[in-house]
Each structure stands twice: as structure tokens, then as C-alpha cells.
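So you can see what is in the structure, the chains are spelled out below.
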Amino acid sequence: MSQHICAVFFDLFDTLYLHPEPRDRVQEYIGRAQRVGVGVSREAMVQALTELENHIASKVVREPNFAALKARNAMEYYAYWSAQLLRLLGASGDLEARGLRMCEEYVRDDGLFLDPQAVEVLTELRRCGLATGLITNSPKLLLEVLPTLAITDLLDNVTISSVVGFEKPDSRIFWLAANYIGLAPAQCVLVGDTPAADIVGAKDSGMTGVLINRDNRHKQPGVDCYQIEQLYQVLDVIDLLNSK
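Since the model is a prediction, treat every value here as computed from it, not as a measurement.

Student: Got a minute to help me understand the packing of aromatic side chains in this structure?
Tutor: Within a pair of aromatic rings, the relevant descriptors are the distance that separates the centres and the angle that separates the planes. This model, assessed by the stated rule, comprises six aromatic pairs. Centre to centre, the rings of Tyr77 and Tyr78 are 4.9 Å apart; their planes meet at 85°, and the pair counts as edge-to-face. An aromatic cluster of at least three residues, connected via ring pairs, comprises Phe66, Tyr77, Tyr78 and Tyr80. Of note, Lys59 hangs over the ring of Phe66, and the distance from its end group to the ring centre comes to 5.1 Å.

Structural data, given as C-alpha cells:
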């Protein structure tokens, strides 16, 4: 490989670190609630989620700024979302703080697993002389989880939004990640599963975005980019980019 592209960054959740399919989101929320001290039945959780959906829909109509919050600051949005869910479940105390903690607990969801191709792909990229890293919108709690993953020693840099103060798609988080390893954004690729946060953000920063589109989940990504269906295919994209 020539060295036009010198580094490959990855999103973490639903790119390298996957949920089992089909996902049981109700059970995921029950687990998160339990980890902040709120025991709940499945029936009660389903009812609370339904009420919360109606509440959020109404709030979006009433408050235009709130409608944009999810894209602008996902952690703030989901912290509010989680606090409201706890309220509907009858929780008491500092719901804002407990909601933030519950929001962060997704990094410990039961059943999360590493893509079976992740270690092999990261190893091959490094064998070819490329740097590797993560750029993830995640809470600081992720720092406790990372050492348990089999990929930690295969990463040259980990950039976490809650640590650096910027979330994807803000260009600054991509610039910081590239700067940490001494490269320009144009020398870097970002592989992610979310068109708006990962791919648009990467392209706006000067990186090349590669969308991992498993099972054609994004039928119309809304952004022109390289697409792969399996992780190992990023090796072909890097070969293509470095052959130009």
C-alpha cells in the first residue's frame, strides 16, 4: 500500500461493538433501569415507553429547539429522555442525575459483542502500516469498559466525546483524533454506521467516510460515500483509495 491514507478510525457501537439481533429494546431498558436502582416489570416498561413516546412527540411540536437537540447533543437528549422514563416508572430522587447515569449505562448492555471480524481487520490494518483508532460519542463510563474489549491493544488512539467535549458530527472531534496521531484529516478514514453523525461529520472535517451498511439498513443514506456490508471490506476500500 502507498501511504495516501495513513489511519483508519472506527465508530464503536453498532460498528465494532454490536447488539444481538433481533434487539430486545424493552429488556435493554429494563437492564439499564435496574443498574440505577429501579426495578420494573416488562409490562410497566412497555407502558412507560409508550407514554414517553407521546411526551417526546408533543414536546417536539411545542419546542422547535428540542427537535434539533438529538442531532446537536445526543447525550443531552438521551439524558433528558432517560430522566423522563424514570419519572414515568415512578422513580424518585434526583431524576436528572439518575437519568444521565441510566443514559450512560448503554455501554454495559447485556449481549453486546465484538464484531467477529474486528480483531482480524485491525490487525491487518496495522500490519499494513496504518494507524487505527476510535471516534465515539460515548460517556466517560466507556473508559471502564474499554479494557475488557479484545481490541484495546490494537488501537493507537481512542477519542471519546464526553472526554474531549465535542460530539460527532462536530468537525472538531475528528480534527482532534487526527491530530493526536500526527496526521491531517485528509490522511484518515472514518468507518461508521450512522450517515449523519459519522459520514457527514467525517466528510465535513476532511476525512473520508465509509458507511458500514449491514443488511442494507440505510436504504437511502442521504450522503454520497463508500459503503461496505461487512467490516473486512474496509481493507478493499483502503486499497482503492491508496491506488489513486
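Student: Quick question: what am I supposed to make of helix α11 (residues 195-205) here?
Tutor: Note: α-helices contain 3.6 residues per turn, so residues at a spacing of three or four share the same orientation. Within α11 the residues assigned to the buried category are Pro195, Ala197, Asp198, Ile199, Gly201, Ala202 and Ser205. Positive backbone phi, at 105°, marks Gly206, one or two positions downstream of α11.

Student: Sorry if this is basic, but what is going on with the side chain of Asp193 here?
Tutor: By the secondary structure assignment, Asp193 is in the loop between β6 (188-192) and α11. The contacts of Asp193, once residues within four sequence positions are left out, are Asp11, Phe13, Asp14, Thr15, Asp198, Leu211, Ile212, Arg217 and His218.

Student: Is there a simple way to think about the packing of helix α5 (residues 74-88) against helix α6 (residues 95-104) in this case?
Tutor: Working note: a packed helix pair is described by the angle between its axes plus the distance between those axes. At their nearest, the axes of α5 and α6 sit 7 Å apart, and the two run at 115° to each other. The crossing of α5 and α6 is right-handed. Together, Met75, Tyr78, Ala79, Ser82, Ala83, Leu85, Leu86 and Arg87 of α5 and Leu95, Glu96, Arg98, Gly99, Leu100, Met102, Cys103 and Glu104 of α6 make up the contact between the two elements. A per-class count over the contact of α5 with α6 returns 10 nonpolar, two polar and four charged.

Student: I tried to follow the pairing of strand β4 (residues 131-136) on my own but got confused; where do I start?
Tutor: Sheet faces and side chains relate simply in a regular strand, where the side chains alternate between the two faces. In terms of burial, β4 is largely enclosed, as six of its six residues are buried. Where burial is concerned, the two faces of β4 agree: the one with Ala131, Gly133 and Ile135 and the one with Thr132, Leu134 and Thr136 are both buried. Pairing of strand β1 (residues 7-10) with β4, which is carried by four bridges, proceeds in the parallel orientation. Opposite Phe9, over in β4, you have Gly133 as the bridge partner.

Student: Teacher, can you tell me more about the sheet that holds β6 here?
Tutor: The strands making up a sheet associate through hydrogen bonds between their backbones, and the pairing can be parallel or antiparallel. With parallel pairing, six strands are arranged side by side in an open sheet as β5-β4-β1-β6-β7-β8. The outermost strands of the open sheet, each flanked by one partner alone, are β5 (157-160) and β8 (226-228). Each strand axis lies, on average, 25° off the axis of its neighbour in the sheet, ignoring direction. In this sheet, β5 lies alongside β4 in parallel orientation, the contact comprising four bridges. Across the sheet, residue Thr136 finds its bridge partner in β5, namely Ile160. Along the sheet, helix α12 (residues 234-242) makes contact with β1, β6, β7 (208-212) and β8, crossing β8 at roughly 155°.

Student: Where do I start with the nonpolar core in this structure?
Tutor: Generally speaking, soluble globular proteins have nonpolar side chains that are buried together. If you look at the biggest cluster of nonpolar residues, it comprises 36 residues, and the most contacted ones within it are Val8, Phe10 and Val191. For this core, the elements supplying multiple residues, two or more each, are β1, α7 (118-127), α8 (142-145), β6, β7 and α12. Ranked by the residues each element gives to this core, the list is headed by α12, at five residues. Every residue in contact with Val191, bar those within four places of it in the chain, is listed here: Val8, Phe9, Phe10, Asp11, Thr15, Val210, Ile212, Ile228 and Val234. Listed in part, the 22 residues of the second largest apolar core include Val26, Val40, Leu52 and Leu89.

Student: Looking at this model, I keep getting lost on helix α10 (residues 171-180). Mind explaining?
Tutor: Turning to α10, its buried residues are Ser171, Ile173, Phe174, Ala177 and Ala178. Across the axial projection of α10, the buried residues extend over an arc of 165°, all falling on one side.

Student: I tried to follow unusual backbone geometry on my own but got confused; where do I start?
Tutor: Trans peptide bonds make up the majority, and among non-glycine residues the majority have a negative phi. Between Glu21 and the following residue, Pro22, the backbone shows a cis peptide bond with an omega angle of -5°. Counting through the fold element by element, Pro22 comes out in the loop between β2 (17-18) and α1 (25-35). Residue Pro169 is bonded to the preceding Lys168 through a cis peptide linkage, with omega at 15°. Checked against the element boundaries, Pro169 lands in the loop between α9 (161-164) and α10. Even without glycine at this site, Asp215 takes up a positive phi of about 55°.

How each quantity is defined
Residues numbered from 1 in each chain as written. Predicted model: local features only at pLDDT ≥ 70, side-chain atom pairs only at ≥ 80, totals over all residues. Heavy atoms only, no water. Phe/Tyr/Trp six-rings, centres within 6.5 Å; stacked < 30°, edge-to-face > 60°. Lys NZ or Arg CZ within 6 Å of the ring centre and 35° of its normal. Buried < 20%, exposed > 50% of the residue type's maximum accessible area, 1.4 Å probe, protein only. Helix = DSSP H or I, 4+ residues; strand = E, 2+ residues; numbered from the N terminus. Contact = heavy atoms within 4.5 Å. Axes fitted to C-alpha atoms, helices over the stretch in contact; angles between N-to-C directions. Left-handed = near helix turned anticlockwise from the far one by under 90°. Nonpolar A, V, L, I, M, F, W, Y, C, P; charged D, E, K, R; others polar. Pairing = 2+ DSSP bridges. Core = buried A, V, L, I, M, F, W, Y, C linked by side-chain atoms within 4.5 Å. Arc of directions from axis to C-beta.

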